[in-house]
Amino acid sequence: MSDSNAAPRKASLLSRDLTQGSIIKNLLNLSWPMIVMEATYMVSQIWDMLWVGKAGASSIAAIGVAGLVVMVISTIDMTLISGARAMISRFIGAREPETAKKVAGQVFIMATCWGLVVTIIGSMFAKDILNIFGMEESVVNEGARYLRVLFAGWLSLEFLIMG
């Protein structure tokens, strides 16, 4: 039974003209997944610091510097993702869904390759990367262990982010 007086269903983001209406509302509708992802990342970093803080100052230093390395790699990651999303959006906006699908397929391959490169090189050279910062050997060793764990899951993170 349908009620003819029922309010019309809200238009989805795919069919709505985002150049109309409230800019803030449109931005929040588009960006909430990224906001949630970044908030989750920050909570995980805080949790790591709280947990590792019990182990001592060298552990906190190791996590802090390893976090800098992760942020640099994440910046490269976000640059690739932004470019990929812009290309896909362009083709969707131009009403070329087949080209958008091809680009999305290439993005998936790129994400897989990038994730493998980060995982392999990051795991193999974690200690060398941290030695660049001139830290004590104990801090480098703890940071390298931390980075190896993070890099072990980097490929799955790429799929999560690219999805």
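Structural notes, computed from the coordinates. Position labels on residues start from 1 in each chain and follow its written sequence. Given that the model is predicted, a residue must reach a pLDDT of at least 70 before its local features are reported, and side-chain atom pairs must reach 80 or more before they are shown or counted; all residues, however, enter totals for whole chains, interfaces and linings. Note that water and hydrogens are dropped before the side-chain values are worked out from all heavy atoms of the structure.

### Section: the overall build of the protein chain
What counts as a helix is a DSSP run of H or I of at least four residues, what counts as a strand is a run of E of at least two, and both are numbered from the N terminus. For the protein chain, the count of helices and strands is five helices and zero strands. Ordering the α and β elements of the protein chain from the N terminus gives α-α-α-α-α. Each residue gets one of three labels from its accessible area relative to the maximum for its type: buried under 20%, exposed over 50%, partly exposed in between, using a 1.4 Å probe on protein chains only. Taking all 163 residues of the protein chain together, the buried fraction comes to 25%. Two residues qualify as a contact provided that any one of their heavy atoms is within 4.5 Å of a heavy atom in the partner residue. Within the protein chain, contacts between residues separated by at least 24 positions form 64% of all contacts whose residues are at least 6 apart in sequence. Per-residue and other accessible areas follow the Shrake-Rupley method at a 1.4 Å probe size, with only the shown protein chains counted as cover for residues. Carbon and sulfur atoms provide 69% of the accessible area of the protein chain, an area that totals close to 11,200 Å².

### Considerations on the packing of helix α3 (residues 97-131) against helix α4 (residues 137-152)
Interhelical geometry of α3 versus α4 gives an angle of 165° and a closest axis separation of 8 Å. By the criterion of interaxial angle, the relationship of α3 to α4 is roughly antiparallel. For the pair α3 and α4, the sense of crossing is right-handed. Residues Val118, Thr119, Gly122, Ser123, Ala126, Lys127, Leu130 and Asn131 of α3 pack against Glu137, Val140, Asn141, Gly143, Ala144, Leu147, Arg148, Phe151 and Ala152 of α4. For the contact of α3 with α4, the residue count by class is eight nonpolar, six polar and three charged. In this analysis an axis means a line fitted to C-alpha atoms, helices contributing only their contacting stretch, and an angle means the value between N-to-C directions, from 0 to 180 degrees. To sort the angles, those under 35 degrees are grouped as roughly parallel, those over 145 as roughly antiparallel, those from 65 to 115 as roughly perpendicular, and the leftovers as oblique. A crossing counts as left-handed when the near helix is turned anticlockwise from the far one by less than a right angle, and as right-handed when that turn is clockwise. Asp, Glu, Lys and Arg are counted as charged, while Ala, Val, Leu, Ile, Met, Phe, Trp, Tyr, Cys and Pro are counted as nonpolar; the rest, among them Gly, fall into the polar class.

### So, the nonpolar core
As used in this record, nonpolar core signifies buried Ala, Val, Leu, Ile, Met, Phe, Trp, Tyr and Cys residues forming a set joined through side-chain atoms within 4.5 Å. Core analysis: the largest hydrophobic core is formed by 20 residues, its most contacted members being Ile73, Leu130, Leu147, Phe151 and Trp154. Contributions of two or more residues to this core are made by α2 (57-93), α3 and α4. Tallying contributions element by element places α2 first for this core, with seven residues. When sequence neighbours within four positions are dropped, the list of residues in contact with Trp154 reads Val70, Ile73, Ser74, Asp77, Trp114, Gly115, Val118 and Thr119. If you look at the next biggest cluster of nonpolar residues, it comprises nine residues, including Ile81, Ala84, Ala100 and Ile161.

### Things to note about the pattern of salt bridges
The salt bridge definition used is simple: a Lys or Arg side-chain nitrogen within 4 Å of an Asp or Glu carboxyl oxygen. By the definition in use, this model includes two salt bridges. A salt bridge links Glu98 to Lys101, with the shortest nitrogen-to-oxygen separation between them at 3.6 Å. Here Lys101 and Glu98 lie together in helix α3, a separation of three residues that amounts to about one turn. The exposure class assigned to Lys101 is exposed, which follows from its relative accessible area of 55%. Ionic pairing is found between Lys127 and Glu137, a salt bridge with its closest N-O pair at 3.3 Å. Taken together, the residues span a long stretch of sequence, with Lys127 in helix α3 and Glu137 in helix α4 at a distance of 10 residues. With a relative accessible area of 31%, Lys127 lands in the partly exposed category.

### Quick notes on a nonpolar patch on the surface
Within the patch definition used here, like charges are joined within 9 Å and nonpolar side chains (Val, Leu, Ile, Met, Phe, Trp, Tyr) within 5 Å, considering only residues with over 30% relative accessible area and no salt bridge. Together, Leu116, Val117, Ile120, Ile121, Met124 and Phe125 line one region of the surface with nonpolar side chains, adding up to about 540 Å² of accessible area. You can see Met124 is positioned in helix α3.

### Considerations on the environment of Tyr41
Turning to its location among the elements, Tyr41 is positioned in helix α1 (residues 23-52). Exposure remark for Tyr41: the relative accessible area of 22% places this residue in the partly exposed category. For Tyr41, the residues in contact, after removing those within four places along its chain, are Val70 and Met71.

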